[in-house]
Amino acid sequence: MAQLRVNTKTSENGWSGGGGRRLWLQFQLAEVKKFDRELHLIDETVTNLVLIFKKFKKTLDLEGAPLDHLPAEVGNLWHLRYLSLRKTKVKKLAKSIGRLCNLETLDLRQTPVYDLPVEINRLLKLRHLLAFFININDEPDPNFQRGVKMNGSIGSLKSIQKLSYIEVDQDTGLIQQVEKLTQLRKLGIKKLKRESGVELCSALEKMPHLCTLRISSLNKEEFLDLQALSYPPPLLQRLSLSGPLVELPHWITKLRSLVRIQLNWSRLLDDALQILQDFPNLQELGFYEGYNGDELHFKNGYFGKLKVLYLRGLIGLNKLTIDEGALPLLEKLSIGPFPKFNKIPSGIHFLRNLKRLKLFDIQTQIVLGILPDNGHDYWKVEHIAIVNLYYKIKGERYRSYKLGDSDLFKRLESIEE
């Protein structure tokens, strides 16, 4: 049996209300190996710890613990304000979680938990519900990052500020319930059907505090119909839309506070860049299979404050041009694959503030051209501190190399052979 140590420390970054004594379980890595293959944490151990928890304060952080279920006795910890099961193997929450009447944060990120019990809706003080699961072996699609299923009258969660991610494809009136959550600062919606777009737009107009919005369609073929939004949340700073759009929603131009935009599988055409470059505070822009044009041209003066740019999966792109004076503050650039390219995109040498360049599944011919010793295009990237190359293994798993590494040379030689 592995030893289980209980630690208490004072933390300045405890639950959301401020500092407090923080309590978590700490497992020694060497001891974890003694657990059986299913990594069970026996009920008796956790049950006995309940008495200890009651004596202490309000945070229970089980992140990364070798835990595959949460005993019902946890529902007796009525004083808890923060509960994290992040990166555990817990698959299901007991109904007793509805007794945690003081809970403010529930962190289920990167756990297999999917179907939340309806008792969650009793947590009237809940402010943060964070949940998703990613399998990096899966091929990316709008729901590559899976959300959770919620049930019943979630509109009772009047205090909630962060709700991300929930799936809304079951036609159970969930979007009508979301409309009641007017204190939301962050909202993540998964599996939105086209016919539900108007209803979601109506809900968003009732969220004046919303700062972060992420919406994914049902699949890569299901269009996001979001044109009915007349008055977008005025404080919105981060926007992610995953699914076919064809054209940008008209209301995007009203979001003058935007600092980050991600557009994935959007099928946008040439005028998108012209519209987006005009945002005065935009610092991060990302496309993943989000652009269907054959050329991208960053003109002088475009994106004056942008620091991060992702151009991923634009397989139809024939030409990428960066003029002198464009992207003057850019620090991170991720591009590729570009199967129609035969050389490094034109104008990268103008990006004098660029600190990191990531190249995904770039053709051998291009890589040979930027090698430090004899690459004819090395001068275009020599000012960049870190240049990494990524080659897909499966799904979103990549093997990475640093430009100039001996392992990269071996890979290039094996391809040539």
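Note that the structure is a prediction, hence the values are computed from the model and not measured.

Conventions adopted
- Residues numbered from 1 in each chain as written.
- Predicted model: local features only at pLDDT ≥ 70, side-chain atom pairs only at ≥ 80, totals over all residues.
- Heavy atoms only, no water.
- Helix = DSSP H or I, 4+ residues; strand = E, 2+ residues; numbered from the N terminus.
- Buried < 20%, exposed > 50% of the residue type's maximum accessible area, 1.4 Å probe, protein only.
- Areas by Shrake-Rupley, 256 points an atom, 1.4 Å probe, with all protein chains shown as cover.
- Contact = heavy atoms within 4.5 Å.
- Phe/Tyr/Trp six-rings, centres within 6.5 Å; stacked < 30°, edge-to-face > 60°.
- Lys NZ or Arg CZ within 6 Å of the ring centre and 35° of its normal.

1. Some remarks on the overall build of the chain
Part 1 of the argument: Looking only at helices and strands, the chain has seven helices and 20 strands in total.
Part 2 of the argument: Here the chain holds 417 residues, and 50% of them are scored as buried.
Part 3 of the argument: When the accessible surface of the chain is split by element, carbon and sulfur atoms take 47% of a total near 19,600 Å².

2. Concerning the side chain of Thr212
Part 1 of the argument: Note that Thr212 resides in strand β10 (residues 212-217).
Part 2 of the argument: The buried category is assigned to Thr212, whose relative accessible area is 5%.
Part 3 of the argument: When neighbours within four sequence positions are excluded, Thr212 is seen to be in contact with Arg185, Lys186, Leu187, Leu236 and Arg238.

3. What to know about the packing of aromatic side chains
Part 1 of the argument: Enumeration over the complete set of coordinates arrives at nine aromatic pairs.
Part 2 of the argument: Judged by centre distance (5.9 Å) and plane angle (55 degrees), the rings of Phe298 and Phe303 are tilted.
Part 3 of the argument: With relative accessibility at 0%, the residue Phe298 sits in the buried group.
Part 4 of the argument: Judged by relative accessible area, Phe303 falls into the buried class, the value being 3%.
Part 5 of the argument: Chaining the aromatic ring pairs together yields one cluster made of Phe298, Tyr302 and Phe303.
Part 6 of the argument: The aromatic ring of Tyr165 is capped on one face by Lys190, whose charged end is 4.8 Å from the ring centroid.
Part 7 of the argument: Cation over ring: Arg312 sits above Phe360, and NZ or CZ is 3.7 Å from the ring centre.

4. Observations concerning the environment of Asp407
Part 1 of the argument: Topologically, Asp407 is positioned in helix α7 (residues 406-416).
Part 2 of the argument: Its relative accessible area of 36% is what places Asp407 among the partly exposed residues.

5. Looking at the environment of Leu200
Part 1 of the argument: Tracing the backbone shows Leu200 in helix α4 (residues 197-204).
Part 2 of the argument: Sequence separation between Leu200 and Glu179 is 21 residues; the distance between their C-alpha atoms is 7.9 Å.
Part 3 of the argument: Apart from the residues lying within four places of it in its own chain, the contact partners of Leu200 are Ile175, Ile189, Leu192, Ile215 and Leu226.

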